[in-house]
Amino acid sequence: MKVTIFGTGYVGLVTGACLAEVGHEVTCVDVDPRKIARLNDGVIPIYEPGLEPIVRENHAQGRLHFTTDAAEGVAFGELQFIAVGTPPDEDGSADLQYVRAVAATIAEHMDGPKIIIDKSTVPVGTGDQVRQVVADILAKRGVELDFDVVSNPEFLKEGAAVNDFMKPDRIIVGTSDPHSEAVMRELYAPFNRNHDRMVVMDLRSAELTKYAANAMLATKISFMNELANLAERLGADIENVRLGIGSDPRIGYHFIYPGCGYGGSCFPKDVQALVRIAHAVDHEPLLLDAVEAVNRRQKSRLFELLVEHYGGREQLAGKTFALWGLAFKPNTDDMREASSRVLMESLWDAGARVQAFDPEAMEETQRLYGQRDDLSLVGTRDAALKGADALIICTEWKAFRAPDFDLMRESLAEPTIFDGRNLYDPYRLAEEGWTYYGIGRGKSVRRIA
Ligand SMILES: NC(=O)c1ccc[n+]([C@@H]2O[C@H](COP(=O)([O-])OP(=O)(O)OC[C@H]3O[C@@H](n4cnc5c(N)ncnc54)[C@H](O)[C@@H]3O)[C@@H](O)[C@H]2O)c1
């Protein structure tokens, strides 16, 4: 099948590459000429495990094209995917300007029937808006052409995006049109060989399903962070509690890790957007407000622990902290809404320096913050420790799980760790003379130390 994808970011590029990988012909369109030039040169603009070889191979085989020419893109596919960003507006609602712009572009250039498929995460009712934009422009052009608008939200996880797309848990398709449904079934048939993963529903329910999934996952994290803070005050260890509740199959072990808050391009923005969606229909979203507030507070937790440990914010001035992990989660270079940013900015405000290492996100950190005296980005995790007062961990990269604690002690001024991801055994570290702060395990451990 011939498919065009507007937007060549995390979602658009993975979608394009994976559809080409199973044999479809794909044209990816982006307004960023630098991105398209790099892709045409075989350079992948994002870090995503497994993506590079399939982009290169399918590009070389002529099944995957990259262009900035929107007219060429519209002419190419019967299926036109919208996979552009939907960032938060000033009030937290989803900014739909890029989605509308693509809808208008498709309408201006189309000269045959099209199925327009919205893959971006968009508020309920956006499909109807897209339909209206296209209908208005076609009317202005004085042409009558068949088109349909389908919702097909994406559930891939950055860091595992290729695998998630190739082996999806479910494929949500929102349409009431039998032809569109049949086309979507054909498009996704190669991903459905093992069993049918497609769940077809009306367009509005499909749009809401995406927000519901992200809001549920964010709720699990905020719930655990709330309990972690409580555990700390009560002298309990949240990691024991996590194991205790995860063993209940109704709860499960997935996604109940306490930590220094969720970030990324999706959870914060989608929870906020769902709050706005609720307000727009006069519903007060009590639970979602709390999920958001708990997360905002949690992103300051590591800084609070530092202030507590050093006996006041002013004591942080002139100190140097080693920071392991900058990306909002492992296996990505994405720094959007990363907890590390909140921490670094608080440390800089307090007059401290940061010596940071991340396996993939240092280029992006440099792009965001530029050159500054209070930030050094270093090439290895061990180099980050040299001469630092203490170590702080923001991202649970595998490379941080089993470090050489003796070597670390030699590099650090004090054997102190502020662990935002609960990577280590506090009891063992306490026995070895470390001062260790985790999330939700502090008080009892500090007594042992
Ligand atoms: N990143 C994720 O993990 C993820 C997962 C599921 C869903 N989503 C949703 O998918 C959507 C895209 O997210 P992303 O992370 O891929 O965004 P992104 O910012 O990485 O990429 C968006 C791309 O769209 C391009 N673009 C903007 N306007 C355009 C236009 N008029 N024509 C062509 N290209 C245009 C931009 O240049 C950019 O390359 C969002 O709605 C997001 O919420 C993201």
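Source: prediction; values computed, not measured.

Here Asn331, not a glycine, exhibits a phi torsion of approximately 65°, which is positive. Checked against the element boundaries, Asn331 lands in the loop between β9 (320-324) and α14 (339-349). Classification of Asn331 as partly exposed rests on a relative accessible area of 32%. Positive phi outside glycine occurs at Glu337, with the angle close to 55°. Locating Glu337 in the fold gives a position in the loop between β9 and α14. Owing to a relative accessible area of 38%, Glu337 belongs among the partly exposed residues under this scheme.

Another aspect to go through is the packing of aromatic side chains. Under the criterion given, the structure shown has 14 aromatic pairs. Ring plane angle 65° and centroid distance 6.0 Å describe the contact between Phe255 and Phe267, whose orientation is recorded as edge-to-face. Placement of Phe255 in the loop between α10 (238-246) and α11 (267-280) and of Phe267 in helix α11 is noted, with a sequence separation of 12 residues between them. Plain terms: the ring middles of Trp348 and Tyr369 are 5.0 Å apart, the flat faces sit at 80° to each other, and that makes the pair edge-to-face.

Quick look at the packing of helix α13 (residues 301-310) against α14 now. How two helices sit against one another is set out by the angle between their axes and by the gap between those axes. Put simply, α13 and α14 touch, their axes get as near as 9 Å, and they point 35° apart. Here Leu302, Phe303 and Leu306 of α13 come into contact with α14, specifically with Leu343, Ser346 and Leu347. For the contact of α13 with α14, the class distribution of residues is five nonpolar, one polar and no charged.

In the vicinity of the ligand, 26 residues are found, and the nearest of them are Asp30, Lys35, Thr86, Glu158 and Lys269. The separation between an oxygen atom of the ligand and a polar main-chain atom of Tyr10 is 3.0 Å. The separation between an oxygen atom of the ligand and a polar side-chain atom of Asp30 is 2.6 Å. Relative to its unbound accessible surface of 840 Å², the ligand loses 87% to contact with the protein.

A few words now on the side chain of Asp334. Relative to the elements of secondary structure, Asp334 occurs in the loop between β9 and α14. A polar atom in the side chain of Asp334 sits 3.0 Å from the backbone nitrogen of Arg336. Discounting residues that sit within four places of it in the chain, Asp334 has contacts with Tyr10, Glu158, Ser265, Ala327 and Phe328.

This paragraph deals with the pattern of salt bridges. Going through the model one piece at a time under the given rule, you end up with 24 salt bridges. Its salt-bridge partner being Lys119, residue Glu154 comes within 2.8 Å of it at the nearest N-O pair. In this pair, Glu154 is assigned in the loop between β6 (147-151) and α7 (161-166) and Lys119 in the loop between β5 (114-118) and α6 (126-141), connecting sequence segments 35 residues apart. Neither Glu154 nor Lys119 differs from the other in exposure class; each is buried. In this structure, the salt-bridge partner of Asp237 is Arg441, at a minimum N-O distance of 3.0 Å. Taken together, the positions of Asp237 in the loop between α9 (203-234) and α10 and Arg441 in the loop between β14 (435-437) and α19 (442-448) put the pair 204 residues apart, joining distant regions of the chain. Owing to a relative accessible area of 5%, Asp237 belongs among the buried residues under this scheme.

The next point concerns the pairing of strand β2 (residues 25-29). Counting buried residues in β2 gives four out of five residues, a clear majority hidden from the surface. Pairing between strand β1 (residues 2-6) and β2: five bridges, direction parallel. Of the residues in β2, the one forming a bridge with Ile5 is Cys28. Where β2 and strand β3 (residues 64-67) come together, four bridges link them in parallel fashion. Within β3, the residue paired with Val29 across the bridge is Thr67.

Rules of the game
Residues numbered from 1 in each chain as written. Predicted model: local features only at pLDDT ≥ 70, side-chain atom pairs only at ≥ 80, totals over all residues. Heavy atoms only, no water. Helix = DSSP H or I, 4+ residues; strand = E, 2+ residues; numbered from the N terminus. Buried < 20%, exposed > 50% of the residue type's maximum accessible area, 1.4 Å probe, protein only. Phe/Tyr/Trp six-rings, centres within 6.5 Å; stacked < 30°, edge-to-face > 60°. Axes fitted to C-alpha atoms, helices over the stretch in contact; angles between N-to-C directions. Contact = heavy atoms within 4.5 Å. Nonpolar A, V, L, I, M, F, W, Y, C, P; charged D, E, K, R; others polar. Near = heavy atom within 4 Å. Polar contact = N/O pair within 3.5 Å; in protein donor to acceptor, adjacent residues only side chain to side chain. Areas by Shrake-Rupley, 256 points an atom, 1.4 Å probe, with all protein chains shown as cover. Salt bridge = Lys/Arg side-chain N within 4 Å of Asp/Glu carboxyl O. Pairing = 2+ DSSP bridges.

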